[in-house]
Structures are given as structure tokens and as C-alpha cells.
Amino acid sequence: MTLISGCDRAGQNEEGPKTIILAHAMHLTHPVSVAMERMAEYVEENSNGELLIKIYPTQQLGSERELLELVQIGTIGMTKISGAVLENIVPAIRAFSLPYLFRDDEHMEKVLWEHELGEELLLEGEKYQLRGIAYYDAGERSFYTKDRPINSPDDLAGMKIRVQPSVMAMNLIRTFGGSPTPLSYGELYTAFQGGIVDGAENNPPSYYTSRHYEVTNYYVINEHTAVPDFLVIGTRVWNSLTDQEKKWLQQAVDESVKYQRKLWRESVEESMQVVRDAGVEVIYPDKELFRERVQPIYDQIQQDDPELYKWVERIRQVE
């Protein structure tokens, strides 16, 4: 399989369409997945069939980490990646995993979709053969637990909380007194049933589509992080495109982002209603209690990683 096909590489005619392979791990019904399907439709329409995107969803070609590596080495062209995975390769992306980085939703939207700083951060991956071409909205992540409600950070003491394979995520749980437990997302449902973990954290659509609400009783809307999803393309592929092809692709990407953000808002509302109807107790704690507790994380970064802290300061200064 090749990252981009066309002409003799795919056994097509010299004038045949150029096809970029996009692989990802999302379920077909997820707003990001739906938006990427729409993106493929946009690019085919805009280019009159001269440029195509062929999508392989649901981990058909590998896990997120594996797909990112395949993009780097040029086996596939594009992937959708979570920040927790991307930050292990592109250090600047770790800033997004910091708790309460954004003042509010308006600040987040400004940084990601309006300010030049957002584009600058996307392009930080180019030195690692990864060009970010879009942020998709992944909402805010909050805690959900099986047996014990969370009303303040102190309630997390001693609890085993599943986290993504992110240093930042693990530090957050330790700051709250919990025990971070890195675990495959696909294993989490049975981990709750077996008592391996006491809680986890995620956004409402993921909490709903994973059906984790069936094995937990409390959803605590503390919204500690707002890490976007990233759409990345290998620099080999990007550089192989003509200026016109780049324009077609970026236009399709931008349209898919608008569509995904609309779908996301609708999905959050639907998801919250479903989990409430299923009997989950939804708790809205005082977020300031959590925000105050995480200051030591920033103090440590300022001391140990001044380059990352520069990104933090620049993000905070966006008005």
C-alpha cells in the first residue's frame, strides 16, 4: 500500500486521479469520522475527480500510534490523531494537555480556529514529517466514576483513574491524589466491570458512544482539559501536491471542520440526554476548586521545560 496513488503507482492511466490514503481509529458514527467522509466528498467535488481521499476507518490499518508512524514513513498519507498520541512526537502539542489551559470556550475557539498561533502550532510537526492541517473539536474532558461521586479534587484521592498514554494526563491525576492507570480504550468497559479501575475521563460523545455509562454511575462535569483532535498529513505527501491540489485539499479540510463543529455541538446535547435518561447522576462541581489545585503543574513546567512554558504563555496571552 502506498501513501498516495495515481498514474502508474496504482495501475491507473497517466491522467488518472491522485488518491490520498487517510486512515483513522474512529467509529463510523463519530462526528469526526462523519466530517472526514464529508471532506472526501468535498475534495472530489472541488477537484472534479482529479484528487481523491480514500478512507480506512476503525483501526483497519492500525492503532493511532501505528497510523501516525505510517504517516511519518510515508506508507499512508493522512490520519486523525489525538493530542495524547501526537504530543509524544511533537513536544509543543503537550501544551494542549495542560489542565485549564483555556480561560473559557471563547478563548479556546480563538486559539484553535482564529489566531495565527493555532496554525503555528499545527506546523510544529513539520520537523517530524507531520504537517497539521486542521483541528477538530474534541470538547472538554471530565471524570466519570463507578462507585463514588466526585465533588472536589479531594474525592479523587486513592482512586484508580484510566488515562491516555500521556505524561500530562498522568501528572494531572497524581496532582488530584489519584492513581493514573494507562489502559487501552477498548479494554476500559471490561476494566470497570472487573474493578481494575474506579474511573476514567472523557468528553460526552465518547462517554456515550463507548457505552461506558452502562458501567458507571457518576459523570462529573469539571472539564479539566480541552485537547483538540488533529488532522495531519505526511510532509512527503503535502510536498508532492501541486499548488492547486493543496488548495483543493485545504478547502475541503476547512469545510469539514465547520461541519464537524456543528455535529459536535449536536452530539454533546444528545449524549448528555442519553446518559441522564440511563440513570447516570450528572454532577457540576465548582471548577475553581480543580483549577486552583493544578497550579503546581504549571510551576513545575516553568522550571523544567521553559520551551513548553513559552507556548503556554503565548496561548494565555491570546485575547
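Residues numbered from 1 in each chain as written. Predicted model: local features only at pLDDT ≥ 70, side-chain atom pairs only at ≥ 80, totals over all residues. Heavy atoms only, no water.

### Description of the pairing of strand β7 (residues 160-163)
Stage number 1. The pairing of β7 with strand β8 (residues 179-182) spans 4 bridges and is parallel. Bridging across to β8, I161 finds its partner in P180.
Stage number 2. Crossover connection from β7 via helix α6 (residues 167-175) to parallel β8: handedness right-handed. (Pairing = 2+ DSSP bridges. Helix = DSSP H or I, 4+ residues; strand = E, 2+ residues; numbered from the N terminus. Right-handed = clockwise from strand over helix to strand, strands pointing away.)

### As for unusual backbone geometry
Stage number 1. Its identity is not glycine, yet T58 carries a phi of approximately 50 degrees, on the positive side.
Stage number 2. Positive phi outside glycine occurs at Q59, with the angle close to 60 degrees.

### Here we look at empty space enclosed by the protein
Stage number 1. For the structure shown, the criterion picks out 2 cavities of 30 Å³ or more.
Stage number 2. Forming the walls of the largest cavity are 13 residues, and the residues nearest its centre are R141, Q164, A169, E201 and T225.
Stage number 3. No other element matches the 3 residues that α6 contributes to the lining of the largest cavity.
Stage number 4. A breakdown of the residues in the lining of the largest cavity according to their chemical character gives 6 nonpolar, 5 polar and 2 charged.
Stage number 5. Of the pockets and cavities examined, the second largest cavity occupies roughly 60 Å³.
Stage number 6. Counting residues per element, the ones that place at least two in the lining of the second largest cavity are α5 (116-122), β5 (130-136) and β11 (229-234).
Stage number 7. The element that contributes the greatest number of residues to the lining of the second largest cavity is β5, accounting for 3 residues.
Stage number 8. For the lining of the second largest cavity, a count of residues per class yields 8 nonpolar, 2 polar and 1 charged. (1 Å grid on protein atoms, 1.4 Å probe; cavity = no way out; pocket = protein on both sides within 12 Å on 5 of 7 lines; lining within 4 Å. Points joined across faces, edges and corners; volume = space filled by probe spheres on them. Nonpolar A, V, L, I, M, F, W, Y, C, P; charged D, E, K, R; others polar.)

### Some details on helix α2 (residues 64-73)
Stage number 1. By the burial criterion, the buried members of α2 are E64, L67, L68 and V71. In a view along the axis of α2, the buried residues occupy a sector of 100 degrees, so they form one face of it.
Stage number 2. The inward-facing, buried residues of α2 abut β2 (18-23), β4 (78-82), α3 (83-86), β5 and β11.
Stage number 3. Among the residues trailing α2, G74 stands out with phi positive, at a value near 90 degrees. (Buried < 20%, exposed > 50% of the residue type's maximum accessible area, 1.4 Å probe, protein only. Arc of directions from axis to C-beta. Contact = heavy atoms within 4.5 Å.)

### As for the environment of R276
Stage number 1. Within the secondary structure, R276 sits in helix α10 (residues 243-277).
Stage number 2. When the C-alpha atoms of R276 and N217 are compared, they prove to be 10 Å apart, with 59 residues separating the residues in sequence.
Stage number 3. Of note is the side chain of R276, whose polar atom sits 2.8 Å from the side chain of Y284. (Polar contact = N/O pair within 3.5 Å; in protein donor to acceptor, adjacent residues only side chain to side chain.)

### A closer look at the packing of helix α1 (residues 31-46) against α10
Stage number 1. Close contact between α1 and α10 brings their axes to 8 Å; oriented N to C, the two are set at 150 degrees. Taken together, the axes of α1 and α10 are roughly antiparallel relative to one another. Viewed along their axes, α1 and α10 form a crossing whose handedness is right-handed. Within the contact between the two elements, α1 uses P31, V32, V34, A35, R38, M39, Y42, V43 and N46 and α10 uses W248, L249, Q251, A252, V253, E255, S256, Y259, Q260, L263, W264 and S267. (Axes fitted to C-alpha atoms, helices over the stretch in contact; angles between N-to-C directions. Parallel < 35°, antiparallel > 145°, perpendicular 65-115°, else oblique. Left-handed = near helix turned anticlockwise from the far one by under 90°.)

### Focus on the layout of surface pockets
Stage number 1. Roughly 1,000 Å³ of internal volume is contained in the largest pocket.
Stage number 2. Looking at the largest pocket, it is lined by 35 residues, and the ones nearest its centre are A25, E64, R162, Q164 and Y185.
Stage number 3. Where the lining of the largest pocket is concerned, the elements lending two or more residues are α2, β4, α3 and α8 (204-209).
Stage number 4. Top element by residues in the lining of the largest pocket is α3. It accounts for 3 residues.
Stage number 5. Taken together, the residues of the lining of the largest pocket break down into 12 nonpolar, 17 polar and 6 charged.

### Focus on the side chain of S47
Stage number 1. Along the chain, S47 falls in the loop between α1 and β3 (51-56).
Stage number 2. A residue is classified by how much of its surface remains accessible, and S47, at 0% relative accessible area, is buried.
Stage number 3. A distance of 2.8 Å separates a polar atom in the side chain of S47 from the backbone oxygen of V43.
Stage number 4. A polar side-chain atom of S47 sits 3.0 Å from the main-chain amide nitrogen of L51.

### A short note on the nonpolar core
Stage number 1. Membership of the largest hydrophobic core comes to 58 residues, with the highest contact counts inside it found for F96 and F230.
Stage number 2. Within the second largest apolar cluster, 26 residues are counted, among which are A40, I53, L241 and V257. (Core = buried A, V, L, I, M, F, W, Y, C linked by side-chain atoms within 4.5 Å.)

### A closer look at helix α13 (residues 306-317)
Stage number 1. Taking 1.5 Å as the rise per residue, α13 with 12 residues should run 16 Å; its terminal C-alpha atoms sit 16 Å apart, in good agreement.
Stage number 2. Considering only its buried residues, α13 is in contact with α4 (105-114), α5, α6 and α12 (295-304). (Expected span 1.5 Å × (residues − 1).)

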